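The chain contents come next:
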Amino acid sequence: MNAAIVGIGATDFSKDSGRSELQLAAEAVRAALEDAGLEPSDVDGLVSFTMDTNAEIAVARELGIPELTFFSRVHYGGGAACATVQQAAMAVETGAARVVVCYRAFNERSGHRFGQVQTAAAANIDNSWSYPMGLGTPAAMVAMFARRYMHEYGATSEDFGRIAVIDRKHAATNPRAWFHNRPITLDDHQSSRWIAEPLRLLDCCQESDGGVAIVVTSRDRAKDLRQKPAHVKAATQGSGVDQFTMTSYYRDDLTRLPEMGVVARGLWEKSGIGPDDVDVAVLYDHFTPFVLVQLEELGFCGRGEAKDFVASGALELDGKLPLNPHGGQLGEAYLHGMNGIAEGVRQIRGTAVNQVGGVEHVLVTAGTGVPTSGLVLGQG
Amino acid sequence: MTDIEKEAARIAEQGECAPRLARDPVNLPMINNWLEAIGDDHPGYTEVAPPAMVQVWTMAGLRGQRTLDDPLGQMMTVLDEAGYTSVVATNSDQTYHRYLKLGEQLSVTTSLEDVTGPKKTGLGEGWFVTTRSTWWVGDEAVAEMRFRVLKFRPARKPEPVKEIPKAQAIRPSVNRDTEYFWEGTRQGELRIQRCGGCGLLRHPPGPMCPECGATKPKYLVSEGHGVIYSYVVHHHPQVPGKQTPFVIALVELDEGVRMLGEFDGEPSVGQRVEVVFTEVDDELTMPSWRPRADR
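Model, not experiment: these values are computed from the prediction. (Residues numbered from 1 in each chain as written. Chains lettered and ligands numbered in written order. Predicted model: local features only at pLDDT ≥ 70, side-chain atom pairs only at ≥ 80, totals over all residues. Heavy atoms only, no water.)

The subject of this paragraph is the overall build of chain A. Helices and strands together make up the secondary structure of chain A, namely twelve helices and eleven strands. Its C-alpha atoms give chain A a radius of gyration of 19 Å, near enough to 21 Å, the size a compact globule of 380 residues would have. Counting only C-alpha atoms and orienting by the principal axes, one finds that chain A spans roughly 55 × 45 × 40 Å. Contacts in chain A between residues at least 24 apart in sequence constitute 75% of all its contacts with a sequence separation of at least 6. Summed over its atoms, the accessible surface of chain A is roughly 12500 Å², and 48% of this surface lies on carbon and sulfur atoms. Separation of charge centres in chain A, based on 33 positive and 46 negative side chains, amounts to 1 Å. (Helix = DSSP H or I, 4+ residues; strand = E, 2+ residues; numbered from the N terminus. Rg over C-alpha atoms; globule rule 2.2 N^0.38 Å. Contact = heavy atoms within 4.5 Å. Areas by Shrake-Rupley, 256 points an atom, 1.4 Å probe, with all protein chains shown as cover. Lys, Arg positive; Asp, Glu negative; His and termini not counted. Charge placed at Lys NZ, Arg CZ, Asp CG, Glu CD.)

The next subject is the UniProt feature "domain: FAS1-like dehydratase" (unreviewed entry) in chain B. Residues given the UniProt feature "domain: FAS1-like dehydratase" (unreviewed entry) here are residues 26-145 of chain B. Here residues 26-145 of chain B is 22% helix and 42% strand, with 18 Å between the C-alpha atoms at its ends. (UniProt positions renumbered as here; feature names shortened; annotations may be inferred.)

Turning to the domain arrangement of chain B, a few remarks are in order. Note on interface size: it is often stated as the accessible area lost on association of the parts. Here chain B is described as being made up of domain 1 (3-152) and domain 2 (166-291). Taking only C-alpha atoms into account, the centre of domain 1 of chain B sits 53 Å from that of domain 2 of chain B. (Domains from an automatic or database assignment.)

What follows concerns the interface of chain B and chain A. Across the boundary between the two partners, chain B contributes 37 residues, which contact 36 residues of chain A. Buried surface at the junction of chain B and chain A, both sides included, amounts to about 3300 Å², of which 66% is carbon and sulfur. For the pair chain B and chain A, the number of links is 14 residue pairs in polar contact (both at pLDDT 80 or more). By residue number, the principal contributor to the side of chain B that touches chain A is strand β11 (residues 225-234) of chain B, which donates six residues. Class assignment of the residues belonging to the side of chain B that touches chain A gives a composition of 22 nonpolar, eleven polar and four charged. Note: strand β5 (residues 194-197) of chain A against β11(B), two bridges, orientation antiparallel. Paired with A:A196 across the bridge in β11(B) is B:H234. (Buried area = accessible area lost by both parts, 1.4 Å probe. Polar contact = N/O pair within 3.5 Å; in protein donor to acceptor, adjacent residues only side chain to side chain. Nonpolar A, V, L, I, M, F, W, Y, C, P; charged D, E, K, R; others polar. Pairing = 2+ DSSP bridges.)

Take helix α1 (residues 21-36) of chain A next. Residues and elements named next belong to chain A. Between its terminal C-alpha atoms α1 stretches 23 Å, which fits the 22 Å expected from 16 residues at 1.5 Å a residue. When α1 is considered as a whole, its buried residues turn out to be E21, L24, A25, A26, A28, V29, A32, L33, D35 and A36. Contacts made by the buried residues of α1 are with β1 (3-10), α2 (56-63), β4 (99-107), β7 (209-218) and α12 (338-349). Residue G37 follows α1 closely and has a positive phi angle near 80°. (Expected span 1.5 Å × (residues − 1). Buried < 20%, exposed > 50% of the residue type's maximum accessible area, 1.4 Å probe, protein only.)

Here the bond from B:G117 into B:P118 is cis, since omega is -5°, no more than 30 degrees from zero. One can find B:P118 in strand β5 (residues 106-121). A cis amide bond links B:T244 to the next residue, B:P245, at an omega of -10°. Along the chain, B:P245 turns up in the loop between β11 and β12 (246-253). Unlike most non-glycine residues, A:N181 shows phi in positive territory, near 65°. Mapping A:N181 onto the fold places it in the loop between α5 (157-171) and α6 (186-191). A relative accessible area of 56% places A:N181 in the exposed class. Look at A:N324: it is not a glycine, yet its phi comes out positive at around 40°. Secondary-structure assignment places A:N324 in the loop between α10 (306-311) and α11 (328-331).

All names here are of chain B. Strands sit in the order β1-β5-β6-β7-β3 across an open sheet of five strands; the sheet is antiparallel. The open sheet has two free edges, formed respectively by β1 (20-21) and β3 (86-96), since each of these has just one partner strand. Running at roughly 165° to β5, helix α1 (residues 3-13) makes contact with β5 and β6 (124-137) of the sheet. (Axes fitted to C-alpha atoms, helices over the stretch in contact; angles between N-to-C directions.)

Let's shift gears to the UniProt feature "domain: Thiolase C-terminal" (unreviewed entry) in chain A. The residues that UniProt annotates with the feature "domain: Thiolase C-terminal" (unreviewed entry) are residues 250-371 of chain A. Structurally, residues 250-371 of chain A comprises 37% helix and 7% strand, and the distance from its first C-alpha atom to its last is 15 Å.

We now examine the nonpolar core. Among the nonpolar cores identified, the biggest contains 137 residues, and A:I5, A:I214, A:Y249, A:L295, A:I341 and B:W289 are the most heavily contacted of them. Setting aside chain neighbours within four positions, we find A:I5 in contact with A:V85, A:I214, A:V215, A:V216, A:P229, A:A230, A:V232, A:I341, A:V345 and A:L377. Within the second largest apolar cluster, 33 residues are counted, among which are B:W57, B:Y84, B:V142 and B:A143. (Core = buried A, V, L, I, M, F, W, Y, C linked by side-chain atoms within 4.5 Å.)

All names here are of chain A. Pairing within the open sheet is mixed, and its nine strands lie in the order β3-β2-β4-β7-β1-β8-β11-β10-β9. Of all the strands in the sheet, the pair left with one neighbour each is β3 (70-74) and β9 (280-282). Neighbouring strand axes in the sheet, compared pairwise and without regard to direction, differ in orientation by 25° on average. Two strands pair when backbone bridges link them, and strand β10 (residues 361-365) and strand β11 (residues 372-378) are joined in this way by five bridges, in the antiparallel orientation. Looking across to β11, one finds that L363 is bridged to V376. Packed onto the sheet, α12 meets β1, β2 (45-49), β4, β7, β8 (230-238), β9, β10 and β11 and runs at close to 115° relative to β1.

Attention now goes to the environment of B:T134. Residue and element names in this part refer to chain B. The residue T134 is located in strand β6 in this model. In this structure the C-alpha to C-alpha distance between T134 and V115, which are 19 residues apart in sequence, comes to 19 Å. Ignoring sequence-local partners within four residues, the contact set of T134 consists of E16, S107, V108, T109, A141, A143 and E144.

Structure, rendered in C-alpha cells:
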C-alpha cells in the first residue's frame, strides 16, 4: 500500500485519568502530530471507532484542525483498531485525504467499564439471545469458546496462563506499562480467582483510561518527515460466516476465529509475506484463550497446537515469534488495540523498550470474537 | 502457595497466642447452672467441675471480643475477605488431664494447627481450619482441645441475602422476527425457526433464509432435549437478576440448532439436558436447562 505510519502518540495509561475523554483524545492526537513533525493544519482526515465518544469535529476543534475532507468510524469494538489504519491508508491512496489521524480515547476504567454487564445492550436483538440468559460480559462470552477449545484440544487453564505470564514479563520492563515491574508466575495465574470459568482474573486484561493516536500519510510524504516510517504493507478487515459480536456460537466449530482467518488470508496475500516472515507479533489479548486461537488462525502453528507452540518458548523476546513486547493489553494497558499498533511502529523504528533485533515485519491484530482487522507493518 | 495458604503459614508461625484469663475462678454457682442447662444430675460435682465444662471457664462472655492475636479470629478474617463467609464447626476433640477444683484460676492459649482447602463440600467450597487450645492452671496444662471449623462460600442457591426483584432481570428485545420465540416460551413451547421455503432450521432466527432467500419463516416446536456443547460458570461481576455463581450452557438441541440458557446443575460437555420454562412475569418466560436422565 502507498501509506505509512509516521507518528504515534499517547497519553499516560492509568485507572483514573482525571480528565475528559475529549481531552485524552486531543492530547494523544497532539502528541502523535508532534512525533511526526506535523502541524494540526496538516491534518485533513480523522478516523476512530464507532464506540469512541469523541466526535471527529470535536477533536478537530480542540486541535485547531481547520478543515477535514475525510472522517470515518469503524464498528465492532476492539475489532476496529487496525481497520482505522486501513481507512486512513485507503483515504491517502484515493486522495480523499493527505494526512489522516486515527485515534481512540476513553476513561474505560474510571468511567464506563466494558467489563460490567451492560443491561442496555440487551436492547440489541442479537444480544437478546445471550444477555437475558445471564451471558452479559465479554469475559463470559469468551469463556464459552474457551471451554469448548479445552474440550476439543485438551488445553488447560495453565496453557492460557502462559500468555498472561509472557505479557506481564514484557510489561515488567516497560515503564509506560501499568504493570511495570510487576511480573507474575504461572502459580499466580493459577491461584487467581474465577471470573467466568474457565477464565481466571489473570486471563482477563485490565481496564484502562487513556488515549492513543496514529498518523498516516503517503509514502512520498513520509520521506520528508521526522521519523523513520512504518510502511503499511497490508491492512484488512474480516468478518466470517454466521458472524455475531462476541457470540458466534452457532457455527459448526467453536474452536476457531474464522473472521481472523479472513484477515490472515488478506494480510498474507496483500503483503506478500507469510507467517515465517513475521518478526514480532502484536496479538490482541483482551482474554488469553483467543491468543492461542489466533496463533492457529494466522498460521503460526496447526489447529490445537498453540498450547505446545506457546510452551516451547516461541513467544519470548528471543523466541521464534516474540509476542507483545510492550506487554500487550494484559500488561501495558487496554486501549482497544491501538497501543499495540503504536508498539508495532516502535518495533519497526527500532525504538521500543523491549526491542527485538532485526525487525523487518510486524503483525498487529485487532479485537477477537468480533469482526476484526489486522496490519502488516514493514521497513520498506 | 495461595494467598490463603500464605496467610495461614504466617499465622501458624506466630505460635501460641498470649494466655487469656478466665473471667472467674472455677466456682459452684456456674457449675450448677451448667449442670442444669445440660440436664446432668450427677451428684458428684460439689468440689470439682465437670471436665466437659472446661471451655466454659474461658468463654469471652455475651459481648466478648476475640483478642487481636487470637489465631482463629485472624484466620476467620482472612477467609471472610476471600469470600468464605459462612462457618460451621466440624470437630471438637477434648482431652482432660485432671479434674478442676473450685477456686482454681484458668487461662487458655491457642495456636493455629492446620488450614486445608479449598475443598468441595455439600455446603459449598471451603477451608478446614484446625486450632489447638491448652488450658492452664499456673504452668500446668490441665486440658487440651483440637477444634476444627469449615469456613465456606455458600453453595449456589443459598438463602437469598436479598431477593433480587424479577424486575431487575435483563429483558430481551423483541421484534417481528423474534416474537414467535417469546410467544412460544410463554406457552411452554421451545420454538425453532423453520424456513417456509426450504425447511432450514435456524437459531437465532432472522427474516430472510440464508439458504433459499425466502421470507416466510415458520417454526417447529422443539422436543426441548439436547446436550451441553459448552458452558460457563459465571462468578464476577454480578449480573442483574442472577445470584453468582451460576451456569450458562450452550445447548445443541436434538433438532440441530444451538441455544443459550441458564443451567441448573453441575455441568459437563456432552451432558444431556432438557428445557424448563421460568415465568418472569406475564410478558416474559425464560427458557433454561436442567439435567435429563438418558433413556
